[in-house]
Amino acid sequence: MADPCAQFKDMKSYWDIPGMKAGVITGKVAWSLLQFCKAKGFALPAFNCTGSSSCNAVLEAAAKIGMPAYIQFSEGGACFFAGKGLPNDKGKLQASILGACAGAQYVRNVAPAYGIPVLVHSDHCAKK
């Protein structure tokens, strides 16, 4: 079986991936970025964010070093993003769901301004 990452070995930059853009990337472009990372032998770590300030810190740091960012929201982090005063009943997780959606929307809106591609993982929650 052919190596699915082989097509990326000769690429100089992740910007050479077809469809790559600044801001949140999805689908084939996001998958291609992960394959590019594997082909080049480096990891793209995900950072768990709990609010706009931690999202901004990840985006700013990634932009400073010229690398893509990977932002994720856990059950607790997403709840904190929405506000710990909101109900988050076991089995319903209202605040966690709201916070994950709000966090993903926030990142989608501000990410292009940082000039780097960004992956968002908004379902990094425990299945209990």
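Keep in mind that this is a model prediction, so the values were computed, not measured. (Residues numbered from 1 in each chain as written. Predicted model: local features only at pLDDT ≥ 70, side-chain atom pairs only at ≥ 80, totals over all residues. Heavy atoms only, no water.)

I tried to follow the nonpolar core on my own but got confused; where do I start?
What tends to happen in soluble globular proteins is that the nonpolar side chains get buried as a cluster. Membership of the largest hydrophobic core comes to 31 residues, with the highest contact counts inside it found for I17, L33, I71 and V107. For this core, the elements supplying multiple residues, two or more each, are α1 (27-40), α2 (52-65), β3 (69-74), α4 (94-110) and β4 (117-124). Apart from residues lying up to four places away in sequence, I17 is in contact with F8, M11, S32, L33 and F36. (Core = buried A, V, L, I, M, F, W, Y, C linked by side-chain atoms within 4.5 Å. Buried < 20%, exposed > 50% of the residue type's maximum accessible area, 1.4 Å probe, protein only. Helix = DSSP H or I, 4+ residues; strand = E, 2+ residues; numbered from the N terminus. Contact = heavy atoms within 4.5 Å.)

Teacher, can you tell me more about the state of the cysteines here?
A disulfide bridge is the covalent bond that connects two cysteines by way of their sulfur atoms. If you walk through the whole model with that rule in mind, you get zero disulfides. Here C49 is not cross-linked by a disulfide; its sulfur's nearest cysteine counterpart is in C55, at 4.0 Å. (Disulfide = S-S within 2.5 Å.)

How should the environment of F81 be read in this particular structure?
Take F81: it is sitting in helix α3 (residues 75-82). Distance in space between the C-alpha atoms of F81 and P112 is 21 Å, their sequence separation being 31 residues. Once residues within four sequence positions are removed from consideration, F81 is found in contact with T50, G51, S52, C55, F73, G99, A102, G103 and Y106.

I tried to follow the pattern of salt bridges on my own but got confused; where do I start?
In this structure the tally under the stated criterion is one salt bridge. A salt bridge links K64 to E60; the shortest N-O distance between them is 3.4 Å. Of this pair, K64 and E60 both sit in helix α2, four residues apart, which is roughly one turn of that helix. Overall, the relative accessible area of 67% leaves K64 in the exposed class. For E60, a relative accessible area of 39% puts it in the partly exposed group. (Salt bridge = Lys/Arg side-chain N within 4 Å of Asp/Glu carboxyl O.)

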